[in-house]
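Summary of structural features
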Amino acid sequence: MSEPILVNVTEEIVRGLVSFLLRGPEYQTFCKCQICEFQTVAYALNALPSKYVTSKEERDEAFKAMNTPENIELINREIIRALHVVNKHPRH
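The rules behind each value
- Residues numbered from 1 in each chain as written.
- Predicted model: local features only at pLDDT ≥ 70, side-chain atom pairs only at ≥ 80, totals over all residues.
- Heavy atoms only, no water.
- Helix = DSSP H or I, 4+ residues; strand = E, 2+ residues; numbered from the N terminus.
- Buried < 20%, exposed > 50% of the residue type's maximum accessible area, 1.4 Å probe, protein only.
- Contact = heavy atoms within 4.5 Å.
- Areas by Shrake-Rupley, 256 points an atom, 1.4 Å probe, with all protein chains shown as cover.
- Lys, Arg positive; Asp, Glu negative; His and termini not counted.
- Charge placed at Lys NZ, Arg CZ, Asp CG, Glu CD.
- Disulfide = S-S within 2.5 Å.
- Axes fitted to C-alpha atoms, helices over the stretch in contact; angles between N-to-C directions.
- Parallel < 35°, antiparallel > 145°, perpendicular 65-115°, else oblique.
- Left-handed = near helix turned anticlockwise from the far one by under 90°.
- Expected span 1.5 Å × (residues − 1).
- Polar contact = N/O pair within 3.5 Å; in protein donor to acceptor, adjacent residues only side chain to side chain.
- Phe/Tyr/Trp six-rings, centres within 6.5 Å; stacked < 30°, edge-to-face > 60°.
- Lys NZ or Arg CZ within 6 Å of the ring centre and 35° of its normal.

Quick look at the overall build of the protein
The number of helices and strands found in the protein is 4 helices and 2 strands. For the C-alpha atoms alone, the extent of the protein along its principal axes is close to 45 × 25 × 20 Å. Within the protein, the fraction of its 92 residues that count as buried is 33%. Sequence-distant contacts, at least 24 apart, represent 80% of the contacts inside the protein between residues at least 6 apart. Carbon and sulfur atoms make up 56% of the accessible area of the protein, which totals about 6,300 Å². Averaged over its 11 positive side-chain charges, the protein has a centre that lies 8 Å from the centre of its 12 negative ones.

Section: the state of the cysteines
Taken as a whole and judged by the stated rule, the model has 0 disulfides. Unpaired in this structure, C36 has its nearest cysteine sulfur neighbour in C33, at a distance of 3.8 Å. Owing to a relative accessible area of 2%, C36 belongs among the buried residues under this scheme.

Considerations on the packing of helix α1 (residues 9–22) against helix α3 (residues 56–66)
Orientation of α1 relative to α3, taken along the N-to-C sense of each, is 60°, at an axis distance of 10 Å. It follows that α1 is oblique to α3 by the angle criterion. The handedness of the crossing between α1 and α3 comes out as right-handed. Across the interface between the two elements, V9, T10, E12 and I13 from α1 touch R59, A62, F63 and M66 from α3.

Remarks on α1
With 14 residues, α1 should reach 20 Å at 1.5 Å per residue; the first-to-last C-alpha distance of 20 Å fits that figure. Of all the positions in α1, only V9, T10, I13, V14, V18, L21 and L22 are classed as buried. Buried residues along α1 sit against β1 (7–8), α2 (34–47), β2 (52–53), α3 and α4 (69–88). With a side-chain oxygen lying 3.1 Å from the backbone nitrogen of T10, the N-terminal cap of α1 falls on N8.

Considerations on the environment of I75
Inspection of the secondary structure assignment puts I75 in helix α4. Owing to a relative accessible area of 3%, I75 belongs among the buried residues under this scheme. Sequence separation between I75 and F38 is 37 residues; the distance between their C-alpha atoms is 16 Å.

Considering the packing of aromatic side chains
The description of an aromatic ring pair rests on the distance of the ring centres and on the angle between the ring planes. Applying the stated criterion to the full structure yields 1 aromatic pair. Plain terms: the ring middles of Y27 and F30 are 6.5 Å apart, the flat faces sit at 85° to each other, and that makes the pair edge-to-face. Given a relative accessible area of 13%, Y27 falls into the buried group. On the accessibility criterion, F30 (5% relative accessible area) is buried. Over the aromatic face of F38 sits the side chain of R15, whose NZ or CZ is 5.3 Å from the ring centroid. Geometry around F63 places R59 over its ring, the cationic atom sitting 5.0 Å from the centre.

Here you go:
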């Protein structure tokens with residue numbers, strides 16, 4: 001049995017996608033500072049359901065289960081919405 005953990009799988013996915021999108025060509029003019037990146041992640045996570053797990057095995061299962069076209073579309077939609085909000089109203 002692995003060491004117990006506490007992980008929000010939704011957060012892992014959102015952080016990775018936000019980081020990826022900010023480095024892509026679509027958001028070249030978007031501020032890439034840590035404050036704006038964290039604000040984007042926070043806005044998106046507040047609009048998405050959490051998925052907490054307590055082991056690496058559960059994390060892997062949850063990650064696979066969340067990797068459906070419907071979930072990815074929902075997550076991307078909320079991230080894009082968050083990017084636009086943060087871009088309009090940066091907190092720095």
